[in-house]
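Inside the fold
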Amino acid sequence: MKRAEIIESRRMASGRRISLVEGFIQTAGISLGGIFAPNFVLTGLLLTGLNANNLLIGFVTAIPFLVGLLQPLTNIASHRVKSRTFMVGVFAFGGRLLFISAVFAGVFAAPEQRTILFIVLMSISAVVMSFSVTPWGAWMADIVPERTRGSYFAVRNALTSAAAIGGSLAAGYILTHLKGNAGFTLIYALCIVTAAVGFILILVQYEPKPKDGGAYVPLAAYRTLFGDKNFIAFTGIVVFVNFSLLIAGPFYAVHFLEHLRIPYHTFGVLSAAAAACGILGYLFFGKLSDIIGNRMVMKITLAMLVIPAVLCIIAPRANYFPFVLAALLVSAFFNTGLSLAAFNASLIVSPSEKRTLYLGVYTAITSLAAIGAPVIGGLLIDIFKAHPMPMLGFLPPTALIFGISAVCIVIALIVFPYYREGEHTADVPVAEMFRPEFAGSLYRLFLASFLPYFPSRKKLADDIGGAESPMAVSTLARLLCDMDLEVRRAAIEGLARTKSTDARTMLFAHYKDACIIERCDIVRGMRYFPGIDTERFLMDNLESDDAVVRAEAAHALAATGGSMSRDTAFSRLQKERTPELIILYLEILARYGMLDALPIALKRYASMTSAVARNDMLYQIARLLGIRDDFYAFAGLGTEEERLNKLITYVHRLFQLLRRQDTVSSDAALKADVNVLERELSAFVRDSAANTLRPFRLKLNAIIARAVHSPNRVIGEFVDYFLSRQKINNTETALLLLEINRYLSIRARIQ
């Protein structure tokens, strides 16, 4: 690395460290007063200081989201300012001061002017604040490498959550001991101090040269942006998710303070506990997003955010604490994961050369839902208050909004679109997330983020592979490069079990440099990937110099199936002499019921000397003929007596079917011959010493020929083959009788 690059890397690392401190201090002030992030302090101020109704609370909650809505306009200014440091610092500090001014106006202005001054000043603060958001996002994207972005912002957000804990506890303490306006005044005075310190830290933070392209025609750039289907798909689902959550979000505090009547100090403790749980959420999902991708984290966390809505609906006033605590903890843990994943994904789907433009438009569009949802929620609550619903009158109006939010979340999960997100393409159906073992899979993947610290990674690879989820692909791919052969083999098996197209591609790539053992494992794993590409890969391996690889390829072809594998198997069966491969090729052909392979199979069977191979061959012939279940049942009989009794049953069944043939039932002489032959054959089969059916070859063939018009040539050759053998065992006899019975049964039905 060149000296200039080393210096630049150190400066960027310094900038990241300062950003951690700045975020901690700024968040302490934000959590104290709910500045641009409404909390129980701001809600309490609205309820007690301004006597606000729910519509006004919703409107005030929506005003900070004007910050996002104005991003397309602020983009113009951000491209003309040389220093993002100055722009972010000045406008962020100014916006917070105006927000605090709005609070003081709401507390101390004349009663008839309080509400209008509060709304006007807060609206202006949102406009000013909006000029800092996009430049800050682009700035952070430049100093935080994409490969560690999830982990970095997880740490940063964990620190800000720690600050939020302190802020919430301090705010609850102040409001408990300083009644009335005195408590709110002290809180927002402290907010001014934290905003000033944060402003100084922003000014000293290192700013690299922007990667954003800078000068381009705005109209053409916007046209390109709105033609980016990947960006639009991502932005669209975030809009709906924001609406689903924020239609109820601002009113949890209202529900807790008004309906459940939770004291401020209790609310402060609960909020601090939630913030602590949020730290765990940032750490957990920050690591997890680097492994499974932000899209999967968004789906998982969104699914779990139905739980807080349900808990708040059923929380009783007399014993609210466990319900509220659980709701806040679950909400904090999964909301942090959702916000972190959405933020990181917005950086990824935004091209680096136009990141400022993309982030500005993304923030503006997603803010539309954030502005409208709280207002709609507040309006609905006031309507429900004024006009209670007869069927739901026992529920508070806020509970009805929580129900609407839960329904919207479910809809969002159902319509969640696919969009590209760098190297992460894994997806999991919504139903999969509610399986009991899914949480365990996530935990194992989380542990995998600490991969370098595991002295032995074999069990880890087994556990991750056991998840059988596409989410595991990126981690298992890393394990393919492990020094331990057993770890690599476990990773190969795990990748195969994910059944992911990406996993198959990685296995194809690894095959080139793999040792012979790994090649066998890869070929064996292809049974999980049906398709043309897999068939071609396996057919190439049928030409391998290694007999084991050829056998594994044939076995995998038998499992995957396909027209190409059928034709290849039929061609190779005609010239193959290795018993194991003959059986595997016949297994493929048996899958398709390809009777043309039967004569060849019988020739190969005649040449086999191994008892095990001959039994395997008989089993595959039974599958080919469609009598597998009956033949398998016969082979499972434990004693010779049971087998002989079953063979007698097959014989009687054979002659019953012959007598049902039209030609036999109408010909007395033929019927008499059939009866005589039945007695002779039954007596012969009962004789355990009998080891051939050759004495009955001519008689049985003649009667079948007289009883059945135009008999099938292939089946006729099969019957004649076993009747003409010098020695035949009970298993072969069972196969012969079962096939004759099957054939006669079919002919009896169609005559």
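Structural data are supplied above this passage.
What comes next is a walk through the structure. (Residues numbered from 1 in each chain as written. Predicted model: local features only at pLDDT ≥ 70, side-chain atom pairs only at ≥ 80, totals over all residues. Heavy atoms only, no water.)

1. A word on the pattern of salt bridges
Should the charged atoms of two oppositely charged side chains come close, the side chains can pair. Counting across every chain of the model gives 17 salt bridges. A salt bridge links Glu678 to Arg659, with the shortest nitrogen-to-oxygen separation between them at 2.9 Å. Of this pair, Glu678 sits in helix H35 (residues 668-686) while Arg659 is found in helix H33 (residues 640-660), placing the two residues 19 residues apart along the sequence. A relative accessible area of 12% places Glu678 in the buried class. A salt bridge links Glu717 to Arg713, with the shortest nitrogen-to-oxygen separation between them at 3.0 Å. Within this pair, Glu717 and its partner Arg713 are both found in helix H37 (residues 713-723), separated by 4 residues, close to a single helical turn. (Salt bridge = Lys/Arg side-chain N within 4 Å of Asp/Glu carboxyl O. Helix = DSSP H or I, 4+ residues; strand = E, 2+ residues; numbered from the N terminus. Buried < 20%, exposed > 50% of the residue type's maximum accessible area, 1.4 Å probe, protein only.)

2. Thoughts on the nonpolar core
Phe118, Ile187, Tyr188, Phe256 and Met298 are the most contacted members of the largest nonpolar core, which totals 102 residues. Ranked by the residues each element gives to this core, the list is headed by helix H16 (residues 321-348), at 11 residues. The contact partners of Tyr188, leaving out residues within four places of it in the chain, are Gly33, Ile35, Val41, Leu42, Leu45, Ile100, Val103 and Phe104. Counting residues in hydrophobic clusters, the runner-up holds 99 residues, among them Leu495, Ile522, Val549 and Phe631. (Core = buried A, V, L, I, M, F, W, Y, C linked by side-chain atoms within 4.5 Å. Contact = heavy atoms within 4.5 Å.)

3. So, the environment of Ala503
Mapped onto the elements of the fold, Ala503 is located in helix H24 (residues 501-511). For Ala503, a relative accessible area of 0% gives the class buried. Placed 27 residues apart in sequence, Ala503 and Leu476 show a C-alpha to C-alpha distance of 8.8 Å. When residues no more than four places from it in sequence are discounted, the contact partners of Ala503 are Val473, Leu495, Thr498 and Phe529.

4. Thoughts on unusual backbone geometry
Non-glycine residue Arg261 carries a positive phi angle of around 55°. Along the chain, Arg261 turns up in the loop between helix H12 (251-259) and helix H13 (264-292). Taking relative accessible area as the criterion, Arg261 reaches 58% and is therefore assigned exposed. At Lys499, a residue that is not glycine, the phi angle is positive and equals roughly 60°. Checked against the element boundaries, Lys499 lands in the loop between helix H23 (485-498) and H24.

5. Things to note about the packing of aromatic side chains
Inspection of the entire model under this criterion finds 18 aromatic pairs. Judged by centre distance (5.1 Å) and plane angle (65°), the ring pair of Phe684 and Phe696 falls under edge-to-face. One end of the pair, Phe684, is in helix H35; the other, Phe696, is in the loop between H35 and helix H36 (697-707), and 12 residues separate them in sequence. The interplanar angle of 70° and the centroid separation of 5.1 Å between the aromatic rings of Phe718 and Phe722 together place this pair among those described as edge-to-face. Taken as a pair, Phe718 and Phe722 lie in helix H37 at a separation of 4 residues, close to a single helical turn. Taking NZ or CZ as reference, Arg519 lies 4.6 Å from the ring centre of Tyr511, over its face. (Phe/Tyr/Trp six-rings, centres within 6.5 Å; stacked < 30°, edge-to-face > 60°. Lys NZ or Arg CZ within 6 Å of the ring centre and 35° of its normal.)

Note that every value here comes from positions in space, so none of it alone points to a role or purpose.
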